[in-house]
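# Architecture at a glance
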Amino acid sequence: MKVLLLENVHPIAVETFRRHGFDVETRPRSLGESELIEALQGVSVVGIRSNTKMTRAVLDAAPDLRAIGCFCIGTNQVDLGHATDLGIAVFNAPFSNTRSVVELVIGEILALARRLPEKTQRMHDGVWDKSAKGSYETRGRTLGIVGYGNIGTQLSNVAEAIGMRVAFYDTADRLAHGNARRMGSLDELLEISDVVSLHVDGRPGNAGLFGAEQFAKMKRGSVFINASRGMVVDDLALREHILSGHLSGAAIDVFPIEPKAQGDLFESPLRGLDNVILTPHVGGSTEEAQEEIGTFVATKLTAYILDGATALSVNLPDVAPAPPEGGFRVALLHRNVPGVLAAINNVLAAAGANIVGQSLATRGEHGYVITDTDVPLAPETLESLRHVGEAVRLEAWYGHSD
């Protein structure tokens, strides 16, 4: 079974797959649509990061693909709805690089408060500019967090530990950590924050979330940080508010259009501005985070391919059965309609197969059922299961998972 890993996924993922007998191919960069379609022929599992786009056209042209691993937090680079309709499982790493992103943002807050980007550049230019003008302590200042999920909450805790006040805004109902205050609207948060940091996800509704109107509502002299998604922010509007002096600085790690490969030309209207930190989408790029991501996602993918386990899948119902102990295992992804389980069991009973274990879960429009039997099922029985009700995809395993 072939695995294709793109965009310099950590070598520990390669080791994990090969240890389980997979044939692994690696490529150091993302691929365009036509290249990707060609590369996916005969591939059962693909591992990507944020630059590879798994579009509807790509998915339709990859008949052998069974699973996608996003070796990052986000999954907006995958057409999740179509992947589900095709029975392709998608996994990501929602927690593995949380601390790395938080530490980057904390470092940026401190650097921007002391205007370190421009000071270090002037030193490199041979200019001694010893001045306290525009440099502040962060203690006692207010950090406004937009998006209070895994990263936002941990950032909240660390920011409080260095003496900052914390306010947050989230459209979901989130429990405040420590002394953080929940704000009723984004406008309320912008009015009181000395630092605004974005940590929202890549859902389509967040596109263009932060533009000229939002920057204008921020406090004069405040700073802005985006380590979430590039499409969330209007970088031209940000440039204007930096140049006008309304904002005193910014740190941006993600961009609407990012280079595909190491060393490619980077273009942005934010280049060349004083007290602006630009980083190449490295929020989660620490050795610790990448190793953890490599292990986590590869382990989830191998468990799915070898055992059918969908625990923590982004798009399929959550089923985490024990590894098969012998005999036969069959897994059916189906439309979530009444009577499917009974129909499956009727087919198995007619085939004289005894059910020794069965797990079912549903998620939205889909259901996923794993059934272990005491004997292998004949090809005609499997064919009957493929035509049960609203079946989407059938997978089968013989004997032990290893």
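Residues numbered from 1 in each chain as written. Predicted model: local features only at pLDDT ≥ 70, side-chain atom pairs only at ≥ 80, totals over all residues. Heavy atoms only, no water.

Over its twelve residues, helix H7 (residues 150–161) runs 17 Å from end to end, which matches the ideal 16 Å to within 8%, given 1.5 Å per residue. Ile151, Gly152, Thr153, Leu155, Ser156, Val158 and Ala159 are the residues of H7 that are buried. Residues of H7 that are buried make contact with helix H5 (98–113), strand E6 (142–146), strand E7 (165–169) and strand E9 (195–198). Two residues or fewer after H7 comes Gly163, characterised by a positive phi angle close to 95°. (Helix = DSSP H or I, 4+ residues; strand = E, 2+ residues; numbered from the N terminus. Expected span 1.5 Å × (residues − 1). Buried < 20%, exposed > 50% of the residue type's maximum accessible area, 1.4 Å probe, protein only. Contact = heavy atoms within 4.5 Å.)

This paragraph deals with the sheet that holds strand E1 (residues 2–5). Here five strands make up an open sheet; going across it, the order is E2-E1-E3-E4-E5 and the pairing parallel. Each edge of the open sheet is held by one strand with a lone partner, namely strand E2 (23–26) and strand E5 (89–91). This sheet shows a mean twist of 15° between the axes of neighbouring strands, independent of strand direction. Sheet topology note: the strand E4 (residues 67–70)/E5 ladder contains three bridges and is parallel. (Pairing = 2+ DSSP bridges. Axes fitted to C-alpha atoms, helices over the stretch in contact; angles between N-to-C directions.)

The next thing to look at is helix H12 (residues 340–350). Within H12 the residues assigned to the buried category are Val340, Ile344, Val347 and Leu348. Buried residues in H12, looked at end-on, bunch into an arc of 95°, giving them a common side. More than 90 degrees from the buried face of H12, the exposed residues found are Asn346, Ala349 and Ala350. Along its buried surface, H12 packs onto strand E13 (328–335), strand E14 (355–363), strand E15 (366–373) and helix H13 (379–386). Looking one or two places after H12, you find Gly352, whose phi comes out positive at around 75°. (Arc of directions from axis to C-beta.)

This part covers the pairing of strand E3 (residues 43–48). Among the six residues that make up E3, six are buried, leaving the element largely enclosed by the rest of the structure. Bridge analysis of E1 against E3 gives four bridges, and the strand direction is parallel. Each bridged residue has a counterpart across the sheet, and for Leu4 the counterpart in E3 is Val46. Strand direction decides the pairing type here: E3 and E4, joined by four bridges, are parallel. Across the sheet, residue Ile48 finds its bridge partner in E4, namely Cys70.

This is a description of form; function is not addressed.
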